[in-house]
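What follows is the residue order along each chain.
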Amino acid sequence: MSSAQAIVIGASAGGVAALFEVLGRLPPTFAVPVLCVLHLPQDRPSHLADVLQRRLRRTVREGCDKERIVAGMIYVAGPGYHLSVEHDLSLSLSQEDPVHFSRPAIDFLFESAADAYGGQLVGVLLTGANQDGAAGLARIKQNGGLTIVQDPREAQVALMPEAALALHRPDHILSLSGIGQLLATLEPSAC
Amino acid sequence: MTTNRDTDIEIRLLIEAIYLKYSYDFRDYSGASIKRRILHAVGQFECRTVSALQERVLHDPSMFMELLQYLTIPVSEMFRDPSHFLALRNEVVPLLRTWPSLKIWIAGCSTGEEVYSMAILLREEGLLERSILYATDINPYSLERAKQGIYSLQNMHQYAENYRLAGGRRDFSEYYTAAYGNAIMDSSLRDNVTFADHSLATDSVFSETQLVSCRNVMIYFNKDLQDRAFGLFHESLCHRGFLVLGSKESIDFSAYANQFEALVRPERIFRKS
């Protein structure tokens with residue numbers, strides 16, 4: 001695959017550094033929108049979007065309810081709410097119970113994006129200490145998308161990538177730098 | 001094999017069947033979230049497909065009431081987002097005092113936590129006695145629990161902390177009686193509260209109000225339904241009345257964006273222009 005309509009990335013323990021490593025390899029003009037869920041404490045505001053924006057020199061925003069997904073943007077899920085993609089390619093927030101003790105949960109984003117984008121989606125699961133994201137990544141594959149799992153041998157915490165590998169065979173198992181390089185080659189596909 | 005597209009078709013049919021049979025309208029709810037909740041219910045009820053669930057729901061009203069508990073989200077706490085209630089107290093209450101009597105609508109009140117929070121705030125500001133609160137929801141079970149005002153004692157530590165951060169002036173435990181692991185809310189808090197079944201999707205405005213609080217409800221609606229709800233609030237609110245929303249909700253993307261101005265934007269407090 002050389003084109004995609006969107007990229008979704010999930011990470012937990014060790015995820016901030018891993019996100020920097022992957023997103024830092026994308027060119028400044030990278031046009032495919034990127035949506036990220038990083039497990040966060042629920043009860044306080046997060047500075048993740050600001051921190052990423054400063055370090056990456058890209059526009060990074062906390063995803064808002066009913067916001068249209070725009071090319072070239074990086075969105076992160078804010079604390080306390082699940083982030084989903086709707087069929088009309090807008091974002092929505094919700095407060096169902098936490099999944100795998102997490103809200104935002106990676107599975108929410110991955111499963112909804114898999115339904116909205118079908119085969120035009122790339123899903124990436126990175127380091128983490130629980131099983132969130134495994135089912136979502138399998139759904140992306142099932143709906144025809146491309147799946148990438150961080151090599152568990154390299155991951156700071158291997159549980160999350162291993163849980164994903166136990167559930168389905170992804171298209172790629174790569175190091176963080178390999179993931180960044182692969183994503184950097186993607187062109188935005190027409191809607 | 002059931003494909004993802006088949007499931008989407010089945011979900012549309014189920015939602016349509018619910019509307020036709022029971023007049024509960026989920027047709028304009030946000031798709032991703034309702035799909036997840038329906039699929040969760042399919043699993044919990046041990047149905048093979050969404051269509052199998054539809055058959056049971058269509059022929060058994062008690063089954064629908066059970067499903068309704070999955071379709072609505074009773075996530076709430078007292079003084080949720082304490083800074084919001086602090087802003088209400090500091091910025092809105094002084095303006096509310098200028099009206100001789102107050103009507104306040106808590107739309108989508110779920111199990112009542114927002115209602116008791118608002119009643120406590122109004123009482124401490126000396127406004128509760130001249131207020132009427134309308135607490136509405138579509139879920140009769142939630143409304144019944146809201147009326148009873150009995151909550152798990154375990155949650156009270158968190159609520160007391162929220163209350164303190166929200167500018168509470170007393171000891172939060174003065175507002176409830178502890179018994180058998182539960183906290184029973186002081187019943188005089190709901191003397192001026194009317195609990196009523198009301199749907200933002202299908203019902204119309206029932207009263208003029210000075211303040212509408214609708215928190216973490218709009219996120220479950222698509223844009224069309226959000227606009228319908230904002231339209232009801234706009235119609236209900238008196239000149240310069242207040243609309244307060246959940247911490248991640250905004251009127252900015254709606255057709256009514258120009259009809260309201262932000263009073264305290266970070267706390268989602270808007271005022272009719």
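Computed from a predicted model, the values in this text were never measured in an experiment. (Residues numbered from 1 in each chain as written. Chains lettered and ligands numbered in written order. Predicted model: local features only at pLDDT ≥ 70, side-chain atom pairs only at ≥ 80, totals over all residues.)

## Details of the overall build of chain A
Keep this limit in mind: For helices the rule is a DSSP run of H or I covering at least 4 residues; for strands it is a run of E covering at least 2, with both sets numbered from the N terminus onward. To get the radius of gyration, use the C-alpha atoms; to get the globule rule, take the number of residues to the power 0.38 and multiply by 2.2 Å. Three exposure classes are used, based on other C-beta atoms lying within 10 Å of a residue's own C-beta, which is placed from the backbone: buried for 20 or more, exposed for 12 or fewer, and partly exposed in between. Here contacts are defined at the residue level, using C-beta atoms placed from the backbone and a cut-off of 7 Å between them.
Broken down by element type, chain A carries six helices and eleven strands. For a compact globule of 191 residues, the expected C-alpha radius of gyration is about 16 Å, and chain A comes in at 14 Å, within 12% of that figure. Buried positions account for 53% of the 191 residues belonging to chain A. For chain A, restricting intrachain contacts to residue pairs at least 6 apart in sequence, the fraction spanning at least 24 positions comes to 72%.

## Describing the sheet that holds strand E2 (residues 6-11) of chain A
All names here are of chain A. Filter applied, for reference: Paired strands, as defined in this entry, are two strands with at least two bridges between them according to DSSP. Note on definitions: angles span 0 to 180 degrees between N-to-C directions of axes, and those axes are lines fitted to C-alpha atoms, for helices only across the stretch in contact.
If you trace the seven strands from one edge of the open sheet to the other, you get E4-E5-E3-E2-E8-E9-E10, paired in parallel fashion. Where the open sheet ends on each side, the last strands, each with one partner, are strand E4 (60-62) and strand E10 (172-174). The average undirected angle you get between the axes of adjacent strands in this sheet is 20°. Across the sheet, helix H5 (residues 159-167) lies against strand E8 (121-125) and strand E9 (146-150), angled at about 140° from E9, the strand it touches most.

## Structural notes on helix H2 (residues 31-44) of chain B
To keep things clear, this is the line we draw: A helix is expected to span 1.5 Å multiplied by its residue count minus one.
Helix length check: H2(B) (14 residues) gives 20 Å between terminal C-alpha atoms against 20 Å at 1.5 Å per residue, within 8%. Along H2(B), the residues classified as buried are B:Gly31, B:Ala32, B:Ser33, B:Ile34, B:Lys35, B:Arg36, B:Arg37, B:Ile38, B:Ala41 and B:Val42. Buried residues along H2(B) sit in contact with strand E6 (82-85), strand E7 (91-94) and helix H3 (106-117) of chain A together with helix H1 (4-22), helix H3 (50-59) and helix H4 (61-71) of chain B. Note on H2(B): the residue one or two positions beyond its end, B:Glu46, has a positive phi of about 55°.

## Description of the interface of chain B and chain A
Here is the rule: Residue polarity is assigned by list, with Asp, Glu, Lys and Arg as charged and Ala, Val, Leu, Ile, Met, Phe, Trp, Tyr, Cys and Pro as nonpolar; anything else, Gly included, falls into the polar class.
Across the contact, 16 residues belong to chain B and 17 residues belong to chain A. Residue contributions to the side of chain B that touches chain A peak at five residues, all from H2(B). A per-class count over the side of chain B that touches chain A returns six nonpolar, five polar and five charged.

## Quick look at the domain arrangement of chain B
Residues and elements named next belong to chain B. Test applied: Just so you know, the domain bounds were taken from an automatic or database domain assignment.
What the domain assignment lists for chain B is domain 1 (4-71) and domain 2 (82-272). The straight-line distance from the C-alpha centre of domain 1 to that of domain 2 is 29 Å. On the side of domain 2, eleven residues touch domain 1, which itself brings nine residues to the contact.

## A few points about the packing of H1(B) against H3(B)
All names here are of chain B. Rules: Should an angle fall under 35 degrees it is taken as roughly parallel, and over 145 as roughly antiparallel, whereas 65 to 115 is taken as roughly perpendicular and any remaining angle as oblique.
It is at 9 Å that the axes of H1 and H3 come closest, and there the two elements cross at 10°. Our classification of the angle between H1 and H3 gives roughly parallel. Where H1 approaches H3, its residues Thr7, Glu10, Ile11, Leu13, Leu14, Ala17, Ile18 and Lys21 are matched on the opposing element by Val50, Ser51, Leu53, Gln54, Val57 and Leu58. Residues of the contact of H1 with H3, tallied by class, amount to nine nonpolar, three polar and two charged.

## Topic: the pairing of strand E4 (residues 176-179) of chain B
Across a regular strand the side chains alternate sides, sitting on one face of the sheet and then on the other. All names here are of chain B. In this sheet, strand E5 (residues 182-185) lies alongside E4 in antiparallel orientation, the contact comprising four bridges. Residue Ala179 lies in a different strand from E5, and its bridge partner there is Asn182. Between the antiparallel neighbours E4 and E5 lie two residues, among them Tyr180 with a positive phi of about 50°.

## A closer look at the pairing of E9(A)
Residue and element names in this part refer to chain A. Stated formally: Orienting the strands away from the viewer, one traces the path from the first strand over the helix to the second; a clockwise path indicates a right-handed crossover.
In terms of burial, E9 is a largely internal element, five of the five residues being buried. With burial as the criterion, each face of E9 is covered, one bearing Leu146, Ile148 and Gln150 and the other bearing Thr147 and Val149. Where E8 meets E9, four bridges bridge the pair, whose relative direction is parallel. Counted as the bridge partner of Val122 is Leu146 from E9. In this region the chain leaves E8, passes through helix H4 (residues 134-142) and returns to the parallel neighbour E9; the handedness of that crossover is right-handed. For E9 and E10, the ladder comprises three bridges, and the chain directions are parallel.

## So, the sheet that holds strand E8 (residues 237-245) of chain B
Residues and elements named next belong to chain B. Pairing within the open sheet is mixed, and its seven strands lie in the order E6-E2-E1-E7-E8-E10-E9. Where the open sheet ends on each side, the last strands, each with one partner, are strand E6 (193-197) and strand E9 (260-264). In this sheet, neighbouring strand axes are inclined to one another by 20° on average, regardless of whether the strands run parallel or antiparallel. In terms of strand pairing, strand E2 (residues 131-137) meets E6 through five bridges, oriented parallel. What sits directly across from Thr136, in E6, is Ala196.

## Quick word on the confidence of the model for chain B
Filter applied, for reference: For every residue, the predictor reports its confidence as pLDDT, a number between 0 and 100.
Per-residue confidence for chain B averages 96 on the pLDDT scale, and 100% of its residues sit at or above 70. Here the prediction assigns the complex a pTM of 0.93, and the interface score ipTM is 0.90.

## Focus on the packing of H2(B) against H4(B)
Residues and elements named next belong to chain B. Test applied: Each crossing is labelled by how the near helix is turned from the far one, with a counterclockwise turn of less than a right angle marking it left-handed and a clockwise turn marking it right-handed.
Axis separation between H2 and H4 bottoms out at 9 Å; the angle between their running directions is 135°. By the criterion of interaxial angle, the relationship of H2 to H4 is oblique. In terms of crossing hand, the pair formed by H2 and H4 is right-handed. Every residue of H4 that contacts H2 at Ile34, Arg37, His40 and Ala41 is listed here: Leu67, Tyr70 and Leu71. Residue composition of the contact of H2 with H4, by class: five nonpolar, one polar and one charged.

## Some thoughts on unusual backbone geometry
Following A:Arg103, the chain continues into A:Pro104 via a peptide bond in cis, with omega recorded as 10°. Turning to its location among the elements, A:Pro104 is positioned in the loop between E7 and H3. A positive phi angle, close to 50°, is found at A:His100, a residue other than glycine. You can see A:His100 is positioned in the loop between E7 and H3. A positive phi angle, near 50°, is found at B:Phe79, a position not held by glycine. Locating B:Phe79 in the fold gives a position in the loop between H4 and helix H5 (82-96). Using a count of 28 C-beta atoms within 10 Å as the deciding quantity, one classes B:Phe79 as buried.

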